[in-house]
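Breakdown of the fold
Chain by chain, the residues run as shown.
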Amino acid sequence: MNFEQLWAGWRSSYIANAIHALDHEVECVFCALLDLDDEREAHVLWRADHAAAILNAYPYTSGHLMIMPLRHVGEMEEINPEEGFDLMRGATNAVRALKAAYAPEGINVGVNIGSAAGAGIPGHFHIHVLPRWRGDTNFMTSIAGIRVMPESLDETWKRLKEGWPDT
Ligand SMILES: [Zn+2]
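Here is a short report on the structure shown in this document. (Residues numbered from 1 in each chain as written. Predicted model: local features only at pLDDT ≥ 70, side-chain atom pairs only at ≥ 80, totals over all residues.)

1. Quick notes on helix H5 (residues 81-102)
Basically, it comes down to this: Helix numbers and strand numbers start at the N terminus; a helix is a DSSP run of H or I with at least 4 residues, a strand a run of E with at least 2. Residue count minus one, scaled by 1.5 Å, sets the expected span of a helix. By the convention adopted here, residues make contact when the C-beta atoms placed from their backbones lie within 7 Å.
With 22 residues, H5 should reach 32 Å at 1.5 Å per residue; the first-to-last C-alpha distance of 31 Å fits that figure. The inward-facing, buried residues of H5 abut strand E1 (44-47), strand E2 (51-55), strand E3 (65-69), strand E4 (106-110), strand E5 (127-132) and helix H7 (153-163).

2. Remarks on the pairing of E5
Selection rule: Residue burial is a threshold on neighbouring C-beta atoms within 10 Å of the residue's own C-beta, all placed from the backbone, with 20 or more meaning buried, 12 or fewer meaning exposed, and counts in between meaning partly exposed. DSSP-based pairing: two strands are paired if at least 2 bridges between them are found.
Where burial is concerned, most of E5 is hidden: five out of the six residues are buried. In this structure, E3 lies alongside E5, joined through three bridges in antiparallel fashion. Residue Met-66 lies in a different strand from E5, and its bridge partner there is His-128. Note that E4 and E5 share five bridges and pair antiparallel. From the neighbouring strand, Gly-106 faces E5, where its bridge partner is Arg-132.

3. A short note on the nonpolar core
Here is the rule we go by: The nonpolar core criterion groups buried Ala, Val, Leu, Ile, Met, Phe, Trp, Tyr and Cys residues into a set whenever they are joined through C-beta atoms within 7 Å.
Judged by nonpolar contacts, the single largest core of 29 residues is most densely connected at Leu-45, Ala-53, Ile-54, Leu-65 and Ile-67. If you list the elements that add at least two residues to this core, you get helix H3 (29-35), E1, E2, E3, H5, E5 and H7. Not counting residues within four places of it along the chain, the set of residues in contact with Ala-53 comprises Leu-45, Trp-46, Leu-65, Ile-67, Gly-90 and Ala-94.

4. Focus on unusual backbone geometry
Its identity as a non-glycine residue notwithstanding, His-43 has a phi of 60 degrees, on the positive side. Within the fold, His-43 resides in the loop between helix H4 (39-42) and E1. Although it is not a glycine, Ala-103 sits at a positive phi angle of roughly 45 degrees. Locating Ala-103 in the fold gives a position in the loop between H5 and E4. For Ala-103, a count of 9 C-beta atoms within 10 Å corresponds to the exposed category.

Laid out in C-alpha cells, this is it:
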C-alpha cells in the first residue's frame, strides 16, 4: 500500500456526480453534501454546531469517514477554537463508532494539507478517520490497484450511525 492510495479519498467523478445531483451550482462537494436535507443520501453521520462527519464516497476501506468544519475553510490555521473543539469531538466520536461497528486492530486519524500532500478537496479542511487491520494491504490492492469493499456505503452508514456515540 502506498500513501497515495491510503489518502486518495474524494475523486473527481464523485464531485461531478454530487454537483450534478444538485439544482444549484456549487463549487465545493463538501458544502454541497452538507446542504443536502437527506443525511442518508449525503452519508452524513453526525452534525454539531461547527463540524460534521461524512462517509468518504471512495473509501480506502469500509468505515473510512471524514470530519470537517461546517464553514468552508481550507487552511488549518484558519480553524477557530469552536470549530477545533467540534472537529476533535467528531474525530473522537468516529473512533468510538468505528470500534463499536468494526472492532478494527488500528485506526488512522490524519490530515492532508494542500494537493501536494494528497488533499483531494484542498479548499475545505477535513480529517480522515479510517479503520485498519494488520495486513490490510490485500492481494488485489498490491497487484492491481483494486480495492474490494465488503459492503455498500449505505450499509457502512447504517452501521456507523448505530455505533455513533450520543455526544
Ligand atoms: Zn466547502
